[in-house]
Amino acid sequence: MLRIVYANLGYSRDIDGSLKHHVRRAHHHVFTTRSVQLRSLGLVRERLRELKPDLSCFAEIDKGSLNNGFFDQVGALAEAHHTTVRIDNKYGAGRHFRRLSVSRGKSNAFLASRPLTYTARYLSSGKKRLVYDIEISGIRILMAHLSLRYHVRCLQMAELSRWVKEREVPTVVIGDFNLFRGVDELRPLLADGRLVHANAHSGPTFRLGPYRAALDICLLTKDLEDRCKIAILDQPYSDHQMIQLDIEGADEEGTGPLNTPVLVAADAEAA
């Protein structure tokens, strides 16, 4: 079995999406102390120890920014059994962000305990562009965090759909898609019938006070549908839920991990 978890960590600001947290901890958006971050990250680490995932993917993790005292959060999650640990700026590969830039450090990341190959790719549109293209145990995973702007999301999903069609292999597309207009936004990815929406009936994954929405999405190629089990897990330190995906029949053989990603769009930078 291959176990994958995905979570939007909200930069480990310890805000669970409730109005009480948003009011009382509003200052965490401006600056989050090291102790607050370590408390939140400690809960994530304990969850990973409990679940023992082969691949853990994270959106909204901080590589070190003005808002968090330049603390690299992935170091608080990585452990000795992780053979690949990767964190990359989600806004672009080619721009060198200044130390005081508000975009500096805002990242996506993954940890893996099985051999894999991967590529850090950048979408053509929007500010949040990073997509991890990972192959592990014969399964391809595309992990994305899409734009808050509707028309940009449409462009990004159309491009993701083209990327899915590049290879006829078992594929998972997972991430925070920000589907504020509902599942109809997934039409570009679901139109040809190759992908199915695995957590369509699993309930909301995001909370903002009384508002609930299914923003975090897991899509599968149909050849995986009968082999997969999906669960939505609560995160008390983020306004997003965690997705757990178990895939039966995925062996442990594969290629050795790479030391650095291949940047396929090296000229990409934040809009």
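Every chain's residues receive numbers from 1 upward, in the order its sequence appears when written. The predicted origin of the model limits local features to residues at a pLDDT of at least 70 and limits the giving and counting of side-chain atom pairs to 80 or more, whereas totals for whole chains, interfaces and linings rest on all residues. Water and hydrogen atoms play no part in the side-chain values, which are based on all heavy atoms of the structure.

A. How the structure looks around the pattern of salt bridges. Criterion for a salt bridge: a side-chain nitrogen of Lys or Arg within 4 Å of a carboxyl oxygen of Asp or Glu. Applying the stated criterion to the full structure yields 16 salt bridges. The partner of arginine 49 in a salt bridge is glutamate 46, and the shortest N-O contact between them spans 2.9 Å. In this pair, arginine 49 and glutamate 46 both sit in helix α2 (residues 34-51), three residues apart, roughly one turn of the helix. Here lysine 106 makes a salt bridge to aspartate 62, at a shortest N to O gap of 3.7 Å. In this pair, lysine 106 is assigned in strand β4 (residues 106-112) and aspartate 62 in strand β2 (residues 55-62), connecting sequence segments 44 residues apart. What you see here is one network of salt bridges that share partners, running through Arg121, Asp133, Arg140 and Glu166. Secondary structure elements are taken from DSSP: a helix is a run of H or I of four residues or more, a strand is a run of E of two residues or more, and numbering for both begins at the N terminus.

B. Main features of the packing of aromatic side chains. A pair of aromatic rings is counted whenever rings of Phe, Tyr or Trp (Trp by its six-membered ring) have centres within 6.5 Å, and the orientation is called stacked for planes under 30 degrees apart, edge-to-face for over 60 and tilted otherwise. In the structure shown here, the tally under the stated rule is four aromatic pairs. Aromatic pair phenylalanine 110 and tyrosine 132: ring centres 4.9 Å apart, planes at 85 degrees, arrangement edge-to-face. Taken together, the residues span a long stretch of sequence, with phenylalanine 110 in strand β4 and tyrosine 132 in strand β6 (residues 130-136) at a distance of 22 residues. The class for phenylalanine 110 is buried, based on a relative accessible area of 0%. For tyrosine 132, a relative accessible area of 0% translates into the label buried. An angle of 85 degrees between the planes, with centres 6.5 Å apart, marks the rings of phenylalanine 180 and phenylalanine 206 as edge-to-face. Separated by 26 residues along the polypeptide, phenylalanine 180 in the loop between β8 (171-176) and α4 (187-190) and phenylalanine 206 in strand β10 (residues 206-208) bring together distant segments of the chain. Here the term buried applies to any residue with accessible area under 20% of the maximum for its type, exposed to any over 50%, and partly exposed to those in between, with areas from a 1.4 Å probe on protein chains only. Look at phenylalanine 180 and you get partly exposed, because its relative accessible area is 38%. Site record: aromatic cluster; members linked through ring pairs are Phe110, Tyr118 and Tyr132. It is lysine 106 that lies over the ring of tyrosine 11; its NZ or CZ is 5.5 Å from the centre. A positively charged side chain is recorded as over a ring if its NZ (Lys) or CZ (Arg) lies within 6 Å of the ring centre. The angle to the ring normal must also be within 35 degrees. It is arginine 121 that lies over the ring of tryptophan 163; its NZ or CZ is 4.0 Å from the centre.

C. Fine view of the pairing of strand β3 (residues 84-89). Most of β3 sits inside the fold, with five of its six residues counted as buried. Relative to β4, β3 runs antiparallel, the two sharing six bridges. Bridging from a neighbouring strand, isoleucine 87 pairs with alanine 109 of β4. Pairing between two strands requires that DSSP report at least two bridges joining them.

D. Looking closely at helix α3 (residues 150-164). A helix is expected to span 1.5 Å for every residue after the first. Compared with an ideal rise of 1.5 Å per residue, which puts 15 residues at 21 Å, α3 spans 21 Å between its outermost C-alpha atoms and is within 8% of the ideal. Those residues of α3 lying buried are Val152, Arg153, Gln156, Met157, Glu159, Leu160, Ser161, Trp163 and Val164.

E. Structural context of a nonpolar patch on the surface. Only residues whose relative accessible area exceeds 30% and that form no salt bridge are eligible for patches; like-charged ones are grouped when within 9 Å, while nonpolar side chains (Val, Leu, Ile, Met, Phe, Trp, Tyr) are grouped when within 5 Å. For the area figures, the Shrake-Rupley method with a 1.4 Å probe applies, and any residue is considered shielded solely by the protein chains shown. A cluster of nonpolar residues, Leu148, Phe180, Leu208 and Tyr211, forms a patch on the protein surface that exposes about 380 Å² of accessible area. Within the secondary structure layout, tyrosine 211 lies in strand β11 (residues 211-213). According to the relative accessible area criterion, tyrosine 211 is partly exposed, its value standing at 35%.

F. View of the sheet that holds strand β9 (residues 195-197). In space, the six strands of this open sheet follow the order β5-β6-β7-β8-β12-β9, with mixed pairing throughout. Every interior strand has two partners, whereas the edge strands, β5 (117-122) and β9, have only one. Strand-to-strand twist of the sheet, defined as the mean angle between neighbouring strand axes without regard to direction, takes the value 20 degrees. Relative to strand β12 (residues 216-221), β9 is paired through three bridges, and the arrangement is antiparallel. Bridge pairing in β12 links histidine 197 to leucine 219. In this description, contact between two residues means that some pair of their heavy atoms is separated by no more than 4.5 Å. The angle between two axes is taken between their N-to-C directions and runs from 0 to 180 degrees, where each axis is a line fitted to C-alpha atoms and a helix contributes only its stretch in contact. In the packing of α3 onto the sheet, the strands contacted are β5, β6, β7 (139-145), β8 and β9, and the crossing angle to β7 comes to about 170 degrees.

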